[in-house]
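# A closer look at the structure
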Amino acid sequence: MNQEQLLSLIDKLDQSSLAFLNYETDDVKLVLSKEMPKEAPVFYGHQEESKLAPTPTVEQETVPTQIDEAKPVTNDIDVEEGVFITSPMVGVVYLQPNPDSEAFVKVGDTVSEGDTVVIIEAMKLMNEIQANHSGTVVEILVENETVVEFGQPIMRIN
């Protein structure tokens, strides 16, 4: 991929309503986001070791994002005590590894930091989302095989 193609992709992302773009070929891995993450996103269940290059934003300050203690973005959810696991991307959420398996976690389960809690499919890639804190799952805020938005709360852990 040459510089002209890269700049064209950045420009198209900037002008679109998309918040995130993931492009991968045999020799190129490219992740573009309108917001700068604190850490590289999770792909195939592990942290990418390469650092992401910042992308331009349109008259807005970049906001760090990751699976963290952020309060819910939506107004229809009452803010309660606990740590929210939020979606780092737009995609389809899966609460179980495959249709014949049990869910990764259920309300009342204890999770440890780093445990896989859901999978989000984005651009035909399965991204394992891991717990950022240890605790007890007190609420699962999404249903299996539904679309989640960037920053949307997925579950709450106390």
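Each chain has its residues counted from 1, following the order in which its sequence is written. Selection of residues for local features in this predicted model requires a pLDDT of at least 70, selection of side-chain atom pairs for listing and counting requires 80 or more, and totals for whole chains, interfaces and linings are taken over all residues. For the side-chain quantities, the full set of heavy atoms in the structure was used; hydrogens and water were omitted.

## A short note on the overall build of the protein chain
Check the secondary structure of the protein chain and you find 1 helix and 12 strands. Mapped from its N terminus to its C terminus, the protein chain presents α and β elements in the order α-β-β-β-β-β-β-β-β-β-β-β-β. Residue exposure (1.4 Å probe, protein chains only): buried if accessible area is under 20% of the type maximum, exposed if over 50%, otherwise partly exposed. Per-residue burial over the protein chain gives 34% buried out of 158 residues. It only takes one pair of heavy atoms within 4.5 Å for two residues to be counted as in contact. Summarising the internal contacts of the protein chain: among those between residues at least 6 apart in sequence, 54% fall at separations of at least 24. Accessible surface for the protein chain amounts to roughly 9,700 Å². Of this, 48% is attributable to carbon and sulfur atoms. Strands here mean DSSP runs of E at least two residues long; helices mean DSSP runs of H or I at least four residues long; both are numbered from the N terminus. Accessibility throughout is a Shrake-Rupley quantity obtained with a 1.4 Å probe, and a residue counts as covered only by protein chains that appear here.

## Quick look at the nonpolar core
Note that soluble globular proteins tend to have their nonpolar side chains buried in a common cluster. Definition used in this section: a nonpolar core is a set of buried Ala, Val, Leu, Ile, Met, Phe, Trp, Tyr and Cys residues joined via side-chain atoms within 4.5 Å. Of all hydrophobic cores here, the largest spans 18 residues; its most connected members are Ile85, Val93, Val111, Val117, Val118, Ile120 and Met155. Counting residues per element, this core draws most heavily on strand S8 (residues 116-122), which supplies 4 residues. Counting 6 residues, the second largest nonpolar core, distinct from the first, contains Ile10, Leu13, Val28 and Leu32.

## Some remarks on the environment of threonine 86
Summarising the element assignment, threonine 86 is placed in strand S5 (residues 83-86). Take threonine 86: its relative accessible area is 4%, and that puts it in the buried class. Considered as a pair, threonine 86 and isoleucine 154 are 68 residues apart in the sequence and their alpha carbons are 5.2 Å apart.

## Digging into the sheet that holds S8
Here the rule is simple: two strands pair whenever DSSP picks up at least two bridges between them. Read from one edge of the open sheet, 4 strands run S9-S8-S6-S11, paired in antiparallel fashion. The outermost strands of the open sheet, each flanked by one partner alone, are strand S9 (125-130) and strand S11 (146-148). Shown here is a sheet whose adjacent strand axes are inclined to one another by a mean of 40 degrees, direction ignored. Where strand S6 (residues 91-94) lies against S11, 3 bridges are found, and the strand directions are antiparallel. When the bridges of S11 are listed, glycine 91 appears paired with valine 148. Inter-axis angles, ranging from 0 to 180 degrees, are taken between N-to-C directions of lines fitted to C-alpha atoms, where helices are fitted over the stretch in contact.

## What about the side chain of glutamine 96?
As for its placement among the helices and strands, glutamine 96 is situated in the loop between S6 and strand S7 (110-111). A 3.5 Å cut-off defines polar contacts: any pair of N or O atoms within that distance qualifies, except that in protein one atom must be a possible hydrogen donor and the other a possible acceptor, and neighbouring residues in sequence count only when both atoms are side-chain atoms. Looking at glutamine 96, its side chain comes within polar contact range of the main-chain oxygen of asparagine 98, at 3.2 Å. If sequence neighbours within four positions are ignored, glutamine 96 has contacts with Ser101, Glu102, Ala103, Phe104 and Asn144.

## Remarks on the confidence of the model for the protein chain
This prediction gives the protein chain a mean pLDDT of 76; 70% of its residues lie at or above 70. Scored between 0 and 100, pLDDT is the confidence that the predictor attaches to each residue. At the low end of the mean pLDDT range in the protein chain sits strand S4 (residues 46-47), at 44; at the high end sits S7, at 95. This stretch, residues 65-79, has a pLDDT under 50; its non-local contacts, to residues over four places away or in other chains, come to 34 contacts.

## Overview of the pairing of strand S1 (residues 20-24)
Direction of pairing for S1 relative to strand S2 (residues 29-33): antiparallel, over a ladder of 5 bridges. The residue of S2 that forms the bridge with phenylalanine 20 is serine 33. Taken together, S1 and the strand that follows it, S2, pair antiparallel across an intervening segment of 4 residues.

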